[in-house]
Amino acid sequence: MPNEPAEPRQKRGLLVLIVEDEFLIALDLQLMLEDVGYAVLGPVGTVDAALRIVEEARPDVVSLDLNLRGQSAIPVAEKLRALEIPFVVTSANRTFDFPGGEILTGATVIGKPVHPRMLVQALRHACHA
């Protein structure tokens, strides 16, 4: 599973952090973003790794899964809001009726499986909103 951030590839577009614990989904997201010229951080698959890389690398935008190995990614969303880093939620869960879910208000949600065009558009929009 992706746990440790990889060095970002040469930056030609947005610098995107992928927070996703499912290896194949993370790889798919990475490839689709690199195909459009984005530099990718990660993927990372834990809350701790995501918090660390957000502090260290300050990505332009984040693709955020909400359930990381059974742990809520709400602390990551809170840190992103505090640092004013935009994010897009990539999750099969479309309801946020759980503790801390209000931090996700206004975030774009892309359901799984993720369609490349929808993700790219949502990331662009999040950066310019």
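Each chain has its residues counted from 1, following the order in which its sequence is written. Where local features are concerned, this predicted model is filtered to residues with pLDDT of at least 70; where side-chain atom pairs are given and counted, the filter is 80 or more; whole-chain, interface and lining totals use all residues. Working from all heavy atoms in the structure, the side-chain values ignore hydrogens and water.

Visitor: Can you lay out helix α2 (residues 47–57) for me, pointing to particular residues and giving the numbers?
Guide: The buried label applies to any residue whose accessible area, calculated with a 1.4 Å probe on protein chains only, is under 20% of its type's maximum; exposed applies above 50%, and partly exposed to all values in between. Think of it this way: any DSSP run of H or I at least four residues long counts as a helix, any run of E at least two long counts as a strand, and we number them from the N terminus. Along α2, the residues that are buried comprise V47, A49, A50, I53 and V54. Buried residues in α2, looked at end-on, bunch into an arc of 160 degrees, giving them a common side. In α2, the exposed positions that point more than 90 degrees away from the buried face belong to D48 and E56. Looking at the buried side of α2, the elements it contacts are β1 (15–19), β2 (39–44), β4 (67–68), β5 (71–72) and α3 (74–83). Within two residues after α2, R58 carries a phi angle of roughly 45 degrees, on the positive side. Starting at the helix axis, one direction is taken to each C-beta atom, and the arc is that of these directions. Only heavy atoms matter for contacts: two residues are in contact if any of them lie within 4.5 Å across the pair.

Visitor: Give me the lowdown on the pairing of strand β3 (residues 61–64), citing residues and values where you can.
Guide: Both faces of the sheet carry side chains from a regular strand, because those side chains alternate between them. Going residue by residue along β3, you find V61 and S63 tucked away on one face and V62 and L64 tucked away on the opposite face as well. Whether two strands pair depends on DSSP finding at least two bridges between them. Where β1 lies against β3, four bridges are found, and the strand directions are parallel. Residue I18 lies in a different strand from β3, and its bridge partner there is S63. Of the pairings in the sheet, the one linking β3 to strand β6 (residues 87–90) comprises three bridges and is parallel in character. Note on β6: the bridge partner recorded for V62 is F87.

Visitor: Talk me through the packing of α2 against α3; I want residue IDs and the actual numbers.
Guide: Structural elements are reduced to axes, namely lines fitted to C-alpha atoms, with helices fitted over the stretch in contact, and the angle between N-to-C directions of any two is expressed from 0 to 180 degrees. Relative orientation of the contacting elements α2 and α3 amounts to 10 degrees, with a least axis distance of 9 Å. Here α2 lies roughly parallel to α3, going by the angle between them. For the pair α2 and α3, the sense of crossing is right-handed. The segment α2 lies against α3, with V47, A50, L51, V54 and E55 engaging P75, V76, K79, L80 and L83. An angle below 35 degrees is treated as roughly parallel, one above 145 as roughly antiparallel, one from 65 to 115 as roughly perpendicular, and anything else as oblique. Each helix crossing is assigned a hand: it is left-handed if the near helix lies turned anticlockwise from the far helix by less than a right angle, otherwise right-handed if that turn is clockwise.

Visitor: Let's hear about unusual backbone geometry: which residues, and what values?
Guide: Along the chain, G42 connects to P43 via a cis peptide bond; the corresponding omega equals 5 degrees. P113 follows K112 through a cis peptide bond whose omega is 5 degrees. Along the chain, the position of P113 falls in the loop between β7 (108–110) and α4 (116–128). For R58, which is not a glycine, the phi torsion comes out positive at approximately 45 degrees. Assignment of secondary structure puts R58 in the loop between α2 and β3. Even without glycine at this site, E84 takes up a positive phi of about 60 degrees. Inspection of the secondary structure puts E84 in the loop between α3 and β6. We classify E84 as exposed; its relative accessible area is 74%.

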